[in-house]
Amino acid sequence: MGSNLPYAADAESPLKPEELQVLRSQYEKEGEYVGVQTKFNYAWGLIKSSQRNEQQEGVRLLSEIFRNAPERRRECLYYLGLGNFKLGNYAEARRYNDLLLDHEPANLQAGSLRGLIDDKVAKEGLMGVAILSGVAIAAGVVGGMLFKGTRRR
């Protein structure tokens, strides 16, 4: 099954403020009776944002759609993965993305997102190892100095 959703790189280009405002205005206008499509469109615009609080709100809205509108779950999976990726929640991003890939193994944008997630996790994992190594070396040096100091007495 092909997909017409954008590749993960599309998320790096936020909407213009006036474009997001159009989506926000429609969402607010519908109020408590907001339609699923309106909510989805607004959440999509928020996910694309470069503002963390807007990305978080987008993920929250998509999570509501995912829970309450089973017919829209497939559409939500990719954007929940993407939103969580942008927020640095890589385990959640992978979970949603893998659910989509389980149902659509040939989904190109989910495959693209998987690569981004894997690269980021590997990069941050290496950074974490480097930080831990630096801490261990510093602890060894301090420990050695303390040990040397107690032997002199």
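Everything here concerns the structure above.
Rules of the game
Residue numbers run consecutively from 1 along every chain, following the written order of its sequence. Whole-chain, interface and lining totals are the exception, using all residues; otherwise, since this is a predicted model, local features are given only for residues with pLDDT of at least 70 and side-chain atom pairs are given and counted only at 80 or more. With hydrogens and water set aside, each side-chain value is computed from the structure's full complement of heavy atoms. Secondary structure elements are defined from DSSP: runs of H or I of at least 4 residues count as helices, runs of E of at least 2 residues count as strands, and each element is numbered from the N terminus. Type-normalised accessible area, obtained with a 1.4 Å probe on protein chains alone, sets the label of each residue: buried when under 20%, exposed when over 50%, and partly exposed for intermediate values. Should any heavy atoms of two residues lie within 4.5 Å, those residues are considered in contact. Using a 1.4 Å probe, accessible areas were evaluated by the Shrake-Rupley method; residue-level cover was limited to the displayed protein chains. Every angle, taken between N-to-C directions, lies between 0 and 180 degrees, and every axis is a line fitted to C-alpha atoms, over only the stretch in contact when it is a helix. An angle below 35 degrees is read as roughly parallel, one above 145 as roughly antiparallel, one from 65 to 115 as roughly perpendicular, and any other as oblique. In this scheme the handedness of a crossing depends on how the near helix is turned from the far one: anticlockwise by less than a right angle means left-handed, clockwise means right-handed. Polar here means any residue outside two lists: the nonpolar Ala, Val, Leu, Ile, Met, Phe, Trp, Tyr, Cys and Pro, and the charged Asp, Glu, Lys and Arg; Gly therefore counts as polar. For this analysis, a ring pair means two rings from Phe, Tyr or Trp (six-membered ring only for Trp) whose centres lie within 6.5 Å, classed as stacked if their planes differ by under 30 degrees, edge-to-face if by over 60, and tilted for the remaining angles. In our convention, an over-ring charge means Lys NZ or Arg CZ found within 6 Å of a ring centre and within 35 degrees of that ring's normal.

Asks: Would you mind going over the overall build of the protein chain in detail, with residue names and values included?
Replies: Secondary structure assignment for the protein chain yields six helices and zero strands. For the protein chain, the N- to C-terminal ordering of α and β elements is α-α-α-α-α-α. Here the protein chain, with 153 residues, has 35% of them falling under the buried criterion. For the protein chain, the share of sequence-separated contacts (at least 6 apart) that also reach a separation of at least 24 residues comes to 55%. By element, 58% of the accessible surface of the protein chain is carried by carbon and sulfur atoms, the whole surface being about 9500 Å².

Asks: Can you lay out the packing of helix α3 (residues 52-68) against helix α4 (residues 73-86) for me, pointing to particular residues and giving the numbers?
Replies: At a minimum axis distance of 9 Å, the contact between α3 and α4 shows a crossing angle of 155°. Our classification of the angle between α3 and α4 gives roughly antiparallel. For the element pair α3 and α4, the recorded crossing hand is left-handed. Where α3 abuts α4, its residues Gln 55, Val 59, Leu 62, Ser 63, Ile 65, Phe 66 and Arg 67 lie against Arg 73, Cys 76, Leu 77, Tyr 79, Leu 80, Gly 83, Asn 84 and Lys 86. Considering only residue class, the contact of α3 with α4 consists of eight nonpolar, four polar and three charged.

Asks: Any details on the packing of aromatic side chains? Residues and values, ideally.
Replies: Taken as a whole and assessed by the stated rule, the structure comprises five aromatic pairs. Aromatic pair Phe 40 and Tyr 79: ring centres 5.8 Å apart, planes at 80°, arrangement edge-to-face. Linking Phe 40 in helix α2 (residues 36-48) with Tyr 79 in helix α4, this pair joins segments that are 39 residues apart in sequence. An identical accessibility class is assigned to Phe 40 and Tyr 79; each is buried. By the ring-pair criterion, three or more aromatic residues cluster together here, those being Phe 40, Tyr 78 and Tyr 79. When the ring centre of Phe 40 is taken as origin, the NZ or CZ atom of Arg 72, which lies over that ring, is 5.2 Å away. The ring of Phe 66 carries the charged tip of Arg 73 above its face, separated from the ring centre by 5.3 Å.

Asks: Pulling in residues and values, what's your account of the packing of α2 against α3?
Replies: At their nearest, the axes of α2 and α3 sit 7 Å apart, and the two run at 150° to each other. Our classification of the angle between α2 and α3 gives roughly antiparallel. The crossing of α2 and α3 is left-handed. Taking contact as the criterion, the partners of Val 36, Lys 39, Phe 40, Tyr 42, Ala 43, Leu 46 and Ile 47 in α2 are, on α3, Glu 54, Gln 55, Glu 57, Gly 58, Val 59, Leu 61, Leu 62, Glu 64 and Ile 65. In terms of residue class, the contact of α2 with α3 is made up of ten nonpolar, two polar and four charged.

Asks: Go over the environment of Asp 98 with me, naming the residues and quoting the values.
Replies: Among the structural elements, Asp 98 can be located in helix α5 (residues 90-103). Separated by 16 residues in the primary sequence, Asp 98 and Arg 114 have C-alpha atoms spaced 8.0 Å apart.

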